[in-house]
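Observations on the three-dimensional arrangement
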Amino acid sequence: DGGITQSPKYLFRKEGQNVTLSCEQNLNHDAMYWYRQDPGQGLRLIYYSQIVNDFQKGDIAEGYSVSREKKESFPLTVTSAQKNPTAFYLCASRVRDRGNNEQFFGPGTRLTVL
Amino acid sequence: RKEVEQDPGPFNVPEGATVAFNCTYSNSASQSFFWYRQDCRKEPKLLMSVYSSGNEDGRFTAQLNRASQYISLLIRDSKLSDSATYLCVVNSNYGGSQGNLIFGKGTKLSVKP
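First, a word on scope: everything that follows refers to the structure included in this document. No experiment lies behind these values; they were computed from the predicted model shown.

All right, on to the overall build of chain A then. Within chain A, the regular secondary structure consists of zero helices and eleven strands. Ordering the α and β elements of chain A from the N terminus gives β-β-β-β-β-β-β-β-β-β-β. Expected size for 114 residues packed as a compact globule is a radius of gyration near 13 Å; at 13 Å, chain A falls within 12% of this value. C-alpha extents for chain A along the principal axes are approximately 40 × 25 × 25 Å. Here chain A, with 114 residues, has 51% of them falling under the buried criterion. Carbon and sulfur atoms provide 46% of the accessible area of chain A, an area that totals close to 5,600 Å². Across chain A, 14 positive and 12 negative side-chain charges occur, with their mean positions spaced 5 Å apart.

Turning next to the nonpolar core. For soluble globular proteins, nonpolar side chains are generally found buried alongside one another. Ranked by internal contacts, the top residues of the largest apolar core, which has 24 residues, are F21(B), W35(B), I71(B), L73(B), I75(B), Y86(B) and L109(B). Going through the elements one at a time, β3 (19–25), β4 (33–38), β7 (60–65), β8 (70–75), β9 (84–92) and β11 (107–112) of chain B are the ones with two or more residues in this core. Filtering out sequence-adjacent residues up to four positions away, L73(B) remains in contact with V19(B), A20(B), F21(B), W35(B), L47(B), M48(B), F60(B), T61(B) and Y86(B). Counting 20 residues, the second largest nonpolar core, distinct from the first, contains V19(A), C23(A), I60(A) and F74(A).

A complete count under the given rule lists 14 aromatic pairs over all chains for this structure. Measuring from centroid to centroid gives 5.9 Å for Y47(A) and F55(A), while their planes differ by 80 degrees, and the two rings are edge-to-face. A centroid spacing of 5.9 Å and a plane angle of 75 degrees characterise the contact between F105(A) and F103(B), whose relative ring orientation is edge-to-face. Of this pair, F105(A) sits in strand β10 (residues 104–105) while F103(B) sits in strand β10 (residues 100–103), each in a different chain.

The rules behind the values
- Residues numbered from 1 in each chain as written.
- Chains lettered and ligands numbered in written order.
- Predicted model: local features only at pLDDT ≥ 70, side-chain atom pairs only at ≥ 80, totals over all residues.
- Heavy atoms only, no water.
- Helix = DSSP H or I, 4+ residues; strand = E, 2+ residues; numbered from the N terminus.
- Rg over C-alpha atoms; globule rule 2.2 N^0.38 Å.
- Buried < 20%, exposed > 50% of the residue type's maximum accessible area, 1.4 Å probe, protein only.
- Areas by Shrake-Rupley, 256 points an atom, 1.4 Å probe, with all protein chains shown as cover.
- Lys, Arg positive; Asp, Glu negative; His and termini not counted.
- Charge placed at Lys NZ, Arg CZ, Asp CG, Glu CD.
- Core = buried A, V, L, I, M, F, W, Y, C linked by side-chain atoms within 4.5 Å.
- Contact = heavy atoms within 4.5 Å.
- Phe/Tyr/Trp six-rings, centres within 6.5 Å; stacked < 30°, edge-to-face > 60°.

Listed below in structure tokens is the structure:
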């Protein structure tokens, strides 16, 4: 079955540690996205990538880094520079088609900083 | 002005009720409009796209008013399983990319027996 997977589902981190969240898709989608969701808040865009080996900052990129070495994979690293990293992180992807902007989401990773 | 605004709710309705959600957006150049559904502690899932002529899918009807920059979702004969948060979503041209989406904060619906 095609879809987007994220791992781990739950992640606990000590302050000062970097952690990497995995996002993999087998939908053959070109574009991939990382969002952060806080309680009672909408999704905020962290980074996005329209094509392999290229990515752009979103609204809240500070303290995060990404890579896009393969079409299927778009890992997100939460660095120690991120002041308030506890949140629900969602990865999404879409076909790079001007007429179709629908994004498909993975199940998310809940990150808690201890 | 916030880019996508929704009434946060919660909307508490009895089974069988009709409930309407409204949303306004600020970018007049937006071309794509969606309603997503998000269950508690789950990822958002597409409920329906919204077309200029309005569209219906079973008990759900979505409408778009470009002049007023207003989107609506109507749920008829609501079921317990409709309880969720409904996200109004509009495309943006952030960074020159029309494919990026702007999400409202969502309206929470709770359907009671």
